[in-house]
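Structure assessment
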Amino acid sequence: MHGFSTTAIHAGQEPDALTGAVTVPIYQSSTYAQHTLGEHVKYDYGRTINPTREAWETSIAALEQGTFGFAFASGMSAIAAALSMLKPGDHIIAGSDMYGGTYRYLSKILAPFGIEISYVAMSPQSGNPLGELTKAVRSNTRMIYAETPTNPMMNLTDLGALGSFAKERGIVTAVDNTFMSPYLQNPLAFGIDIVLHSATKYLGGHSDVIGGAVVTSNIEIAEQIKFYQNAYGAIASPFDSWLMLRSVKTLALRMRAHSENAQIIAERLAADERVKAVYYPGLATHPHHALALTQMKAFGGMVSLELGSLENAKQFTEQLRYFTLGESLGGVESLVCHPVTMTHGSVPEARRRELGITEGLVRLSVGIEDIGDLLEDIERGLEAL
């Protein structure tokens, strides 16, 4: 077993056999020569297989401690690939607190096809490590889908408890690991079947590429995902795959910096009376902090805070200099997002209120700038309240 950074730099990235190039080349080809009619060849068509994408898929599988990796054109296409395993009449249990795009896909695309969906809180509560999940299982439940930490409320799901619970019942589990990255959390190691990433975020890390990834160690699931990937065709391009390979080489360094900065900022915000609440699993006051210590290497770069009103959120975000107001997360530069009007606009207002996603909620993607500059920026925003 190699160390994480060694794996990130070398897995799938051996020197090119033809030229000895240390960096995997960009094989910008749509098709390949076949010399004999009927001959079986490994490389036949670019949608089916590409050497650069193959290297990226090998890399992400190794980083997630999995066997099979699949690279997609976006995080949503990766999620769609995992959910393609469901058929009309199947039942899926999904976390009630999740990215708005995932909720939109489930409610607007899968539900009309006859797939039954239950949204439940999966965080530990009242002595039950899986919250409301255990009561939601039906005879036709085929999948449990979770984010941990959730977007944007930073709630956690007990991965070990989820893996054991589902395996006992023959239910497939899928976990979106985007917020943590493979450096900070490895769901497969806890018995989860499928790990998903919006690779656009921390895996890409530089706000310059869109991508998604699916990893599993289950060969039957892998065969289904591979078939879907080829049939549907929402693949990662050679250049995007190359960018991902470039980026993950520094993933460990970046995630340590993101986590260190976010911890300091979360503690600073939690001590400020102008802030109504702070959501970050690295805080000892977080209700799932003890669980975070058991399944996360550190606590990541995402921090959510409650400012009390839309006007406060507006004034705060407009004063920031280094936290750019924008969609997405996970880049080296800091971003600030207003979930109600941005990432979670597709979630019904009543559901948002139920989850605590208020007009005063702001989500920070803490970058790797100098912490002094970020703290000064936060203070600049708070002074406007």
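Not measured: the values here are computed from a predicted model.

A closer look at the pattern of salt bridges
All told, the structure shown has 15 salt bridges when counted by the stated rule. One salt bridge in this structure joins Asp 208 and Arg 246, with 3.4 Å as the shortest N-O distance. Here Asp 208, found in the loop between β6 (194-198) and β7 (212-216), pairs with Arg 246, found in helix α9 (residues 238-248); they are 38 residues apart in sequence, far enough to count as distant. Residue class for Asp 208 comes out partly exposed when judged on its relative accessible area of 40%. Overall, the relative accessible area of 29% leaves Arg 246 in the partly exposed class. Among the charged side chains, a network of salt bridges with common partners joins Arg 268, Asp 272, Arg 274 and Glu 379.

Some words on the nonpolar core
Membership of the largest hydrophobic core comes to 60 residues, with the highest contact counts inside it found for Trp 56, Leu 269, Val 303, Phe 316, Phe 323 and Leu 364. The leading source of residues in this core is helix α10 (residues 251-270), at seven residues. Listed in part, the 31 residues of the second largest apolar core include Ala 80, Tyr 105, Ala 174 and Tyr 228.

Some details on the packing of aromatic side chains
For the structure shown, the criterion picks out six aromatic pairs. Their ring planes at 45 degrees and their centres at 5.2 Å tell us that Tyr 103 and Tyr 119 sit as a pair that is tilted. Of this pair, Tyr 103 sits in helix α4 (residues 100-110) while Tyr 119 sits in strand β3 (residues 116-120); the two residues are 16 residues apart in sequence, bridging distant segments of the chain. Taking the relative accessible area as the measure of exposure, Tyr 103 reaches 10% and is therefore buried. Geometry around Tyr 183 places Lys 297 over its ring, the cationic atom sitting 4.0 Å from the centre. Across the ring face of Tyr 119, the terminal group of Arg 351 is positioned such that the distance to the ring centre comes to 4.6 Å.

Things to note about the pairing of β6
Most of β6 is tucked away, with five of its five residues classed as buried. The alternating pattern of β6 places Ile 194, Leu 196 and Ser 198 on one face and Val 195 and His 197 on the opposite face, and all of these are buried. Pairing analysis gives five bridges linking β6 to β7, with the strands arranged antiparallel. Bridge pairing links Leu 196 to Val 214 in β7.

So, the environment of Pro 149
Mapped onto the fold, Pro 149 is located in the loop between β4 (141-147) and α6 (159-169). With residues near it in sequence (within four places) discarded, Pro 149 still touches Met 154, Asn 155, Leu 156, Phe 179, Met 180, Pro 281 and Met 296.

Notes on the packing of α10 against helix α14 (residues 371-383)
Contact geometry of α10 with α14 gives a least axis separation of 10 Å together with a crossing angle of 30 degrees. When the axes of α10 and α14 are compared, the pair comes out roughly parallel. Along this stretch, α10 crosses α14, giving a crossing that reads as right-handed. Seen from α10, the contacting residues are Asn 261, Ile 264, Ile 265, Arg 268 and Leu 269; seen from α14, they are Ile 371, Leu 374, Leu 375, Ile 378, Glu 379 and Leu 382. Tallied by class, the residues present in the contact of α10 with α14 amount to eight nonpolar, one polar and two charged.

Examining unusual backbone geometry
Note the cis peptide between Thr 148 and Pro 149, where omega equals 0 degrees. With an omega dihedral of 10 degrees, the bond running from Asn 151 to Pro 152 counts as a cis peptide bond. Among the secondary structure elements, Pro 152 is positioned in the loop between β4 and α6. Even without being a glycine, Ser 207 presents a positive backbone phi close to 55 degrees. Within the fold, Ser 207 resides in the loop between β6 and β7. A positive phi angle, near 80 degrees, is found at Ser 328, a position not held by glycine. Tracing the sequence through the fold places Ser 328 in the loop between β10 (324-325) and β11 (335-337).

Concerning helix α2 (residues 51-63)
Over its 13 residues, α2 runs 18 Å from end to end, which matches the ideal 18 Å to within 8%, given 1.5 Å per residue. Of all the 13 residues making up α2, 10 are buried; the element is thus mostly covered by neighbouring parts of the structure. When α2 is considered as a whole, its buried residues turn out to be Pro 51, Thr 52, Arg 53, Ala 55, Trp 56, Glu 57, Ser 59, Ile 60, Ala 61 and Leu 63.

Comments concerning the pairing of strand β9 (residues 302-306)
Along β9, five of the five residues are buried, which leaves the element largely enclosed by surrounding structure. Side-chain alternation along β9 places Met 302, Ser 304 and Glu 306 on one buried face and Val 303 and Leu 305 on a second face that is also buried. Sheet topology note: the strand β8 (residues 277-279)/β9 ladder contains three bridges and is antiparallel. Each residue of the ladder has a partner; that of Ala 277, found in β9, is Glu 306. As judged from the five bridges shared by β9 and strand β12 (residues 361-365), these two strands associate in the antiparallel manner. Counted as the bridge partner of Val 303 is Leu 364 from β12.

Conventions we followed
By convention here, each chain's residues receive numbers from 1 onward along its written sequence. Reporting in this predicted model follows two pLDDT cut-offs: at least 70 for local features of residues, and 80 or more for side-chain atom pairs to be given and counted; totals over whole chains, interfaces and linings ignore these cut-offs and use all residues. In computing side-chain values, all of the structure's heavy atoms are included and hydrogens and water are not. Basic side-chain nitrogens of Lys or Arg form a salt bridge, by our definition, when they fall within 4 Å of a carboxyl oxygen of Asp or Glu. To qualify as a helix, a DSSP run of H or I must reach at least 4 residues; to qualify as a strand, a run of E must reach at least 2; elements of each kind are numbered from the N terminus. Relative accessible area decides the class of each residue, using a 1.4 Å probe on protein chains only: under 20% of the type maximum gives buried, over 50% gives exposed, and in between gives partly exposed. Think of a nonpolar core as a cluster: buried Ala, Val, Leu, Ile, Met, Phe, Trp, Tyr and Cys residues, connected wherever their side-chain atoms sit within 4.5 Å. Ring pairs shown here join Phe, Tyr and Trp side chains whose ring centres sit within 6.5 Å, with only the six-membered ring taken for Trp; geometry is labelled stacked below 30 degrees between planes, edge-to-face above 60, and tilted in between. Whether a charge sits over a ring depends on NZ of Lys or CZ of Arg being within 6 Å of the ring centre and within 35 degrees of the ring normal. Strands pair, by our definition, only if DSSP identifies at least two bridges between them. For this analysis, residues touch if any pair of their heavy atoms sits within 4.5 Å. Between N-to-C directions, angles span 0 to 180 degrees; the directions come from axes that are lines fitted to C-alpha atoms, helices contributing only their stretch in contact. Put simply, angles under 35 degrees are roughly parallel, angles over 145 are roughly antiparallel, angles from 65 to 115 are roughly perpendicular, and the rest are oblique. Handedness of a crossing follows from how the near helix is turned relative to the far one, being left-handed for an anticlockwise turn of less than a right angle and right-handed for a clockwise one. Three classes are used: nonpolar for Ala, Val, Leu, Ile, Met, Phe, Trp, Tyr, Cys and Pro, charged for Asp, Glu, Lys and Arg, and polar for all others, with Gly counted as polar. Helix span, expected: 1.5 Å multiplied by one less than the number of residues in the helix.

From the geometry alone we can't say anything about function, so treat these as descriptive.
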